[in-house]
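# Structural overview for review
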Amino acid sequence: MAFEYRDNDSPADVVWNTGSVTPEMRGRLKPHAGRCIWFTGLSGSGKSTLANVLEAELNRRGCHTMLLDGDNIRHGLCRDLGMSRADRSENIRRIGEVAHLFVESGLIVLTAFISPFARDRQQARSLFRPGEFQEVFVDTPLGLCEQRDPKGLYRRARAGEIHDFTGIDSPYEPPMQPELSLHATDSPQRHIEQLLALCLSGASDSAGSVG
Ligand SMILES: Nc1ncnc2c1ncn2[C@@H]1O[C@H](COP(=O)(O)OS(=O)(=O)O)[C@@H](OP(=O)(O)O)[C@H]1O
Ligand SMILES: Nc1ncnc2c1ncn2[C@@H]1O[C@H](COP(=O)(O)OP(=O)(O)O)[C@@H](O)[C@H]1O
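Throughout this document, residue positions are counted from 1 along each chain, in the order its sequence is written. Written order decides the labels, with chains lettered from A and ligands numbered from 1. Restriction of local features to residues with pLDDT of at least 70 applies here, the model being predicted, together with a cutoff of 80 or more for giving and counting side-chain atom pairs; totals for whole chains, interfaces and linings are based on all residues. Water and hydrogen atoms were dropped before computing side-chain values, which therefore reflect all heavy atoms in the structure.

### Some words on the overall build of the chain
The condition is simple: Working definition: helices are DSSP H or I runs of at least four residues, strands are E runs of at least two. Numbering for both runs from the N terminus. Only protein chains enter the area calculation, which uses a 1.4 Å probe; residues under 20% of their type maximum are buried, those over 50% are exposed, and those in between are partly exposed. Contacts: residue pairs with any heavy atoms within 4.5 Å of one another. Note on areas: Shrake-Rupley with a 1.4 Å probe; residue coverage comes only from the protein chains shown.
Looking only at helices and strands, the chain has eight helices and five strands in total. The principal-axis extents of the C-alpha atoms in the chain amount to approximately 55 × 50 × 30 Å. Of all 211 residues assigned to the chain, the portion counted as buried reaches 44%. Here the analysis covers contacts within the chain between residues at least 6 apart in sequence; of these, 77% occur between residues at least 24 apart. Accessible area of the chain: about 11500 Å², with a carbon and sulfur share of 52%.

### Structural notes on the site of ligand 2
We count it as follows: Any residue with a heavy atom lying within 4 Å of a molecule or strand is counted as near it. Within 3.5 Å is the distance limit for a polar contact, defined as a pair of N or O atoms, with the added protein rule that one can donate a hydrogen and the other accept it, and that residues adjacent in sequence qualify only through two side-chain atoms.
Near ligand 2 you find Leu42, Ser43, Gly44, Ser45, Gly46, Lys47, Ser48, Thr49, Arg148, Pro150 and Pro188, and these make up its full shell. Here an oxygen atom of ligand 2 sits 3.4 Å away from a polar atom, N or O, in the main chain of Leu42. Side-chain polar atom of Ser48 to an oxygen atom of ligand 2: 2.8 Å apart, as the coordinates give it. Summarising the interface, the protein chains cover 73% of the accessible area of ligand 2, which totals 560 Å² for the free molecule.

### Details of unusual backbone geometry
Positive phi, normally seen in glycine, also occurs at Ser115, with a value near 40 degrees. If you trace the backbone, Ser115 turns up in the loop between strand E3 (108-112) and helix H5 (118-125). Notably, Asp149 is not glycine yet its phi reads approximately 35 degrees, a positive angle. Relative to the elements of secondary structure, Asp149 occurs in the loop between helix H6 (142-148) and helix H7 (153-158).

### A short note on the site of ligand 1
Spelled out, the test is: Within this scheme a cavity is a closed region of a 1 Å grid, computed over the protein atoms alone, that accommodates a 1.4 Å probe without allowing it to escape, whereas a pocket is open but has protein on both sides within 12 Å along at least five of seven lines; lining residues each have an atom within 4 Å of a point. For this analysis, a molecule is said to be in a pocket or cavity if more than half of its atoms are within 2 Å of the grid points defining it. Throughout, the ten residues Ala, Val, Leu, Ile, Met, Phe, Trp, Tyr, Cys and Pro are labelled nonpolar, Asp, Glu, Lys and Arg are labelled charged, and all others, Gly among them, are labelled polar.
Residues in contact with ligand 1 amount to 20 residues; listed here are only the nearest, Ser43, Arg74, Asn91, Ser115 and Lys151. Here an oxygen atom of ligand 1 and a side-chain polar atom of Asp71 are 3.2 Å apart. In this structure, a nitrogen atom belonging to ligand 1 sits 3.4 Å away from a main-chain N or O atom of Thr166. Here ligand 1 has 630 Å² of accessible area as a free molecule, and 91% of this is covered by the chains. The cavity where ligand 1 resides is the second largest pocket. For the shell around ligand 1, the element with the highest residue contribution is helix H4 (residues 85-104), accounting for three residues. A breakdown of the residues in the shell around ligand 1 according to their chemical character gives eight nonpolar, six polar and six charged.

Without other data, these values stay purely geometric and don't point to any function.
This is the structure in structure tokens:
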């Protein structure tokens with residue numbers, strides 16, 4: 001499936017319907033600001049593990065969260081998509097739109113997708129208001145991801161059983177200016193501290209404090 005972004009990509013005959021309840025009014029019902037924490041990194045870098053621990057910590061603090069995870073979403077919303085460049089772009093386009101809807105409803109959304117292409121991540125970012133989209137680069141080197149190989153996918157990719165595998169025969173474009181980079185040399189505890197700070201910083205005036 002090929003999807004091309006255009007400057008003005010809205011259907012011509014569909015009018016935007018502005019409701020009377022704004023995102024700010026929804027946000028006032030929550031003790032935190034809505035935002036999207038967008039994890040990106042190689043397979044096995046730790047996106048799902050970190051997003052899961054972070055969600056549990058946020059939940060414990062009374063934050064309303066939603067976790068969108070690559071493996072799970074590909075069983076449902078994106079089950080028709082493969083791993084070609086065009087399909088990965090369409091995957092990320094859909095995730096960006098869904099994440100945006102959840103943020104508009106006031107939630108802290110955590111997304112854990114490889115999202116290997118800078119242009120697709122930028123397109124997702126462009127949907128959000130300033131400060132709402134926080135890109136987290138899980139900067140684990142390929143060698144370590146391959147050593148971990150939690151699902152045995154690198155071994156299969158090296159054996160030629162899986163094609164277009166990110167880092168092997170499909171590219172990964174690292175973020176140039178992510179809001180946060182997490183390095184494998186730091187402890188998981190340190191990662192979670194940094195992530196919590198990112199999620200809970202700069203809460204809007206309408207949102208209460210979380211602690
Ligand atoms: N060819 C290939 N390349 C990379 N990954 C592959 C591939 N085939 C299957 N998988 C599994 O699918 C998960 C990646 O899905 P994503 O939706 O995150 O990919 S993408 O963002 O659209 O690039 C990825 O999950 P994670 O390991 O959690 O990253 C893999 O388990
Ligand atoms: N510091 C760390 N952070 C995250 N995962 C780690 C760390 N150290 C080891 N791991 C392990 O690495 C693997 C990462 O897998 P996963 O979270 O599924 O990555 P991804 O979602 O990026 O594919 C897990 O088996 C996890 O236990």
